[in-house]
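Here is how the chains run, residue by residue.
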Amino acid sequence: MRNTRDTQLLFVLSKPGRRAGRLPACDVPTADIAELLPTAAVADAPPALPEVTEPQIIRHFLNLSTQNMSVDTHFYPLGSCTMKYNPKRNERAAAMPGFADLHPLSPDAAVQGMLHVLYEMQQYLSEISGLPACSLQPAAGAHGEYAALLVAAAYFRDRGELEQRRRVLVPDNAHGTNPASAVMAGFDTVAVKTLPNGGVDMDDFRGKLDDRTAVLMITNPNTVGIFEPNMRVIADEVHAAGGLVYLDGANMNAILGITRPGDFGADMQHYNPHKTFSGPHGGGGPGAGPICVTDALAPYLPAPIVERVGSGSSVVGSQESEHNAAATNYPLPPTLYRLSYDRPKSIGRVRSFFGNVGVLLRAYCYIRTHGPDGLKRVSENAVLNANYLLSRVKHILPVPQGDRCMHEFVASGSKIKKEKGVAAMDIAKRLLDYGYHAPTVYFPLTVPEAIMVEPTETESKETLDAFAAALFRITEESPELLHEAPHSTPISRPDEVQAARSPCLCARWD
Amino acid sequence: MPYLYNTPEDQREMLAAIGAESVDDLFAPIPDDLKLGRALQLPAAMCELELDQHLRELASANQHAGNAVCFLGGGSYDHFVPAVCDVIGSRSEFYTSYTPYQAEASQGNLQAMFEYQSLITRLTGMEVSNSSLYDGASAAAEAVLMALHAGGKRTKIVAPASLHPEYRQTIATYLECIDAELVTLPCPAGVIDADELAAAVDGDTAAVLLQQPNFFGCVEDADRVAAVAKDAGALLISVFDPISLGILKRPGDYGANIAVAEGHTLGTPMSYGGPYLGIMACDQSLVRRMPGRIVGETTDRRGNKCFVLTLQTREQHIRRDKATSNVCSNQALFAVRAAAYLSQAGPQGLKETAELCLHKSRYLAEQLCASERFSMAFEAPTFKEFVIRDRDNDVAGLLQQARSAGYLAGLPLGGWYPELSDCLLIAVTEKRTKAEMDALVGVLAGSRHARLAAVD
Ligand SMILES: Cc1ncc(COP(=O)(O)O)c(C=O)c1O
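Reading the values: rules and limits
- Residues numbered from 1 in each chain as written.
- Chains lettered and ligands numbered in written order.
- Predicted model: local features only at pLDDT ≥ 70, side-chain atom pairs only at ≥ 80, totals over all residues.
- Heavy atoms only, no water.
- Helix = DSSP H or I, 4+ residues; strand = E, 2+ residues; numbered from the N terminus.
- Rg over C-alpha atoms; globule rule 2.2 N^0.38 Å.
- Buried < 20%, exposed > 50% of the residue type's maximum accessible area, 1.4 Å probe, protein only.
- Contact = heavy atoms within 4.5 Å.
- Areas by Shrake-Rupley, 256 points an atom, 1.4 Å probe, with all protein chains shown as cover.
- Lys, Arg positive; Asp, Glu negative; His and termini not counted.
- Charge placed at Lys NZ, Arg CZ, Asp CG, Glu CD.
- Domains from an automatic or database assignment.
- Buried area = accessible area lost by both parts, 1.4 Å probe.
- Salt bridge = Lys/Arg side-chain N within 4 Å of Asp/Glu carboxyl O.
- Polar contact = N/O pair within 3.5 Å; in protein donor to acceptor, adjacent residues only side chain to side chain.
- Expected span 1.5 Å × (residues − 1).

Participant: Explain the overall build of chain A to me, and be specific about the residues and the numbers.
Facilitator: Each helix and strand in chain A was counted, giving 16 helices and twelve strands. Taking 2.2 N^0.38 as the reference for a compact globule, 510 residues should give roughly 24 Å; the C-alpha atoms of chain A span a radius of gyration of 26 Å, in line with that estimate. For chain A, the proportion of its 510 residues judged to be buried stands at 67%. If you take every contact in chain A between residues at least 6 apart in sequence, the share linking residues at least 24 apart comes to 73%. A total accessible area of about 16,700 Å² is found for chain A, and carbon and sulfur atoms account for 50% of it. Side-chain charges in chain A split into 47 positive and 55 negative, and the spacing between the mean points of these groups amounts to 3 Å.

Participant: Describe in detail the domain arrangement of chain A, supporting the description with residues and values.
Facilitator: Taken domain by domain, chain A consists of domain 1 (5–65) and domain 2 (68–85 + 130–297 + 372–510). Taken over C-alpha atoms, the centre of domain 1 of chain A sits 42 Å from the centre of domain 2 of chain A.

Participant: Just give me the short version of the interface of chain B and chain A, but keep the residues and values in it.
Facilitator: Across the contact, 186 residues belong to chain B and 211 residues belong to chain A. Interface area, chain B with chain A, both sides summed: about 17,300 Å², of which 63% is carbon and sulfur. Of all residues in chain B, the largest losses of buried area upon contact with chain A belong to Y3(B), R122(B) and Y272(B), amounting jointly to 6% of the total for that side. If you look at where chain B meets chain A, you find eleven salt bridges. In this structure, R19(A) engages E352(B) in a salt bridge whose closest nitrogen and oxygen atoms are separated by 3.1 Å. At the junction of chain B and chain A, the tally comes to 91 residue pairs in polar contact (both at pLDDT 80 or more).

Participant: Tell me about helix α7 (residues 136–150) of chain B, and please be specific about residues and values.
Facilitator: Residues and elements named next belong to chain B. Helix length check: α7 (15 residues) gives 21 Å between terminal C-alpha atoms against 21 Å at 1.5 Å per residue, within 8%. A large share of α7 lies buried, amounting to 13 of its 15 residues. Positive backbone phi, approximately 60°, marks G152, located one or two places after α7.

Participant: Mind laying out the side chain of S271(B), listing which residues take part and the relevant values?
Facilitator: Examined against the element boundaries, S271(B) turns out to sit in the loop between β7 (258–262) and β8 (278–282). Those residues in contact with S271(B) that sit more than four places away from it in its chain are F99(A), A100(A), L102(A) and V357(A).

Participant: Which residues make up the domain arrangement of chain B, and what values do they have?
Facilitator: Residue and element names in this part refer to chain B. When its domains are assigned, chain B resolves into domain 1 (69–79 + 346–455) and domain 2 (83–342). The C-alpha-based centres of domain 1 and domain 2 are spaced at 29 Å. Facing 29 residues of domain 1, the contacting portion of domain 2 comprises 32 residues. Regarding the contact of domain 1 and domain 2, the summed buried area is about 2,300 Å², with carbon and sulfur atoms giving 69% of it. The tally of links from domain 1 across to domain 2 stands at one salt bridge. K384 is paired through a salt bridge with D241; the nearest N and O atoms lie 2.8 Å apart. Our count for the contact surface shared by domain 1 and domain 2 stands at nine residue pairs in polar contact (both at pLDDT 80 or more). When contributions to the side of domain 1 that touches domain 2 are tallied by element, the ones reaching two or more residues are α12 (332–369) and β12 (385–390).

As structure tokens, then:
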């Protein structure tokens, strides 16, 4: 039941004299602030925050939360975002005081359990990518792209080639973060054309590849959900031209244990553990953006990296796989793992502290829960679900890429747009009325009226059938109804033009 | 596998509908020679119980703020996290949703972020806030990029040595591949010398950074720093401590143009360094250069007030290589937690928290300096952190001794500042009690007596 009274802005709910938090009395001698700090530095009054009670805060935010769709409440087939189920055991693990209450600058000897997890994560991610060196530092996929491109720049600088290699080639169906990261890393971007199946246009690629190329950034499976048909040739040609291949790992959910970027020619990649390894998306974040690279690029990775000191035994003696099998030895030797800052060629830091550890810890839980077979089963089922849904949807909306896909596919609303004037956005909005989060729309930019669907492996056949049926019904509905959709959500379509033209970005007060 | 639905029968039906022989068939587009052809070398699967036991064991191998007494600071602090933050932060509709592209199905997130932005503008006295960046250091680096763009041909950034070393390192990394230069101003007295700053700043300076209170815990003369920056036509970037604003002047009060902070202290635990909350607020005139998601108020078709992501033409998904930044995923969940934190604190709670930090840290500093072994490294007044010098120059030994007694006593500074290798940075939050501090003093000051006694 909606409660709109308590979802008024906090500033409206505020009343002078109310408060929620109380603090302990000060148990040490105090003095006047004026004696302790220069007057010029001290504010006349504390910031005018709202004055509300604890029950008010809870009712306010919980009622707000019910206005969201989420993975726990709805099918959320948002293409490219891998909105899979977020396991609850991972949440519990990340909240354990032994992890949640760790100070990031603790001495290594005090955090051996944590470093064990992070060291293992470096190993796991390297194994899954086929790229031997790993940095867990970047805070999101885009941050990983940026860090890896700085690594590439440092590598070329070291070889005296950076002046010459100014270009990063980016297929035109790549995610927007790819070209944006390349520019931040100081490169010029060159767009490479792609074909209707999402594959790289080889003529265009060959015309643009030369000795000015530093990096080709490629997404594979690509953003229409197809495994790049010429992957190996492309990688070989980039390497022959002296360039490096960057793999945007946003779509790793399709290939876990099946093929590895390092084996198909990538020199570096990022992961989105918040996609592939089930980190919850948090309404937009947090993510993490660990990167893996070849041995040649390893010296340039951000510092610190977790190192295992000597060949001691494992921190804990619980089940390890054969290759990890280690004698039980607990309590631990004090410094089995340590943070290594001694990396003279490193690009330095891209943020403070170690990384988005809480997200990495959830990913660790996910990998340990699945094991090697389980991860492969994840990808198999993600691909099976996507192909199944494609087989249902292609009769309703054309899927230009063809009959098969990997973990996602892109349907096009251009026919229905032409025939009935119904836009991809109309369909997306109407799906909300049917109780489904909308797919990603208008991305990739290369497919007109793109509707990008990624069901993930954590959905049932029944859900996929029901979603396809809803989509079919929508295409039969009157355009007028669809233009005005959604009809059942807390609000109808917002006026985005007004929002951008006269921005109101914070509550107006007094 | 615990999260998969498809039964063998489902699989058969689905494959039939697809027109595929087998699941392997679906992977036919991947050439055989690129396939792995072996199992990944990873540990075998664990059930929930095994995983839980494994993690508990690992967690118990850590010394943390729950089983040790934490006096560590340097940008991450053991502040109290109220229960409301955990309850709201673990609400599925918040933490399992994605960026609110579909406003109609995301009003909860959008309003919570709008409220966060509003709270941050009030907290900082700045005109606009975005809805979060990764962390304090990368927010500072993004602020520097903003200032460079706003500054046209200006290519110099001046940062004092009193700015967090990891923030300076992050900024240096961000500037390495573009045409800009980071100049570090030495701070031998622990604070910025305004005359030295004035000498370092010129018409080529795009921005001056100021950390308030600074990395050493000292309170800077923000007004003078602001005046120097302004005289040179440079922007002032303030790196502030959100909790300190219960007492100290806000960045907007002393004329900061961009204000950034590490916001984990607003209701998110330390978690070994992340995920955290990068706060960024700025002048209205800079908003179109600001990185990250921004939520705005508008109306829907029925004329109802509502919220939506706005000014998106700044962003990578629209502008690609022309975007103001590459940020896509941010730290939205911690913005929501911060909104909950700031509402539960209210003006009075924030003030009292800040006062407790101030009084308690001053108490600990005095007690330590009462021992012959320790002295304050700097004269400038401090807020919740301070640097003490160990006259015996045995910081490593002190920390080791304290740790075995259950105290994470402070951060050694020698790694970042060789001239401070005999110094410790100690932080005191509202959580620390007199008893804990007295005991720490006993351990630190007592260790000399113990050692001398042992020598005797
Ligand atoms: C293909 C692709 N690349 C990169 C990214 C950027 O990742 P993040 O949002 O973690 O920065 C995304 C995420 O939306 C993506 O879908």
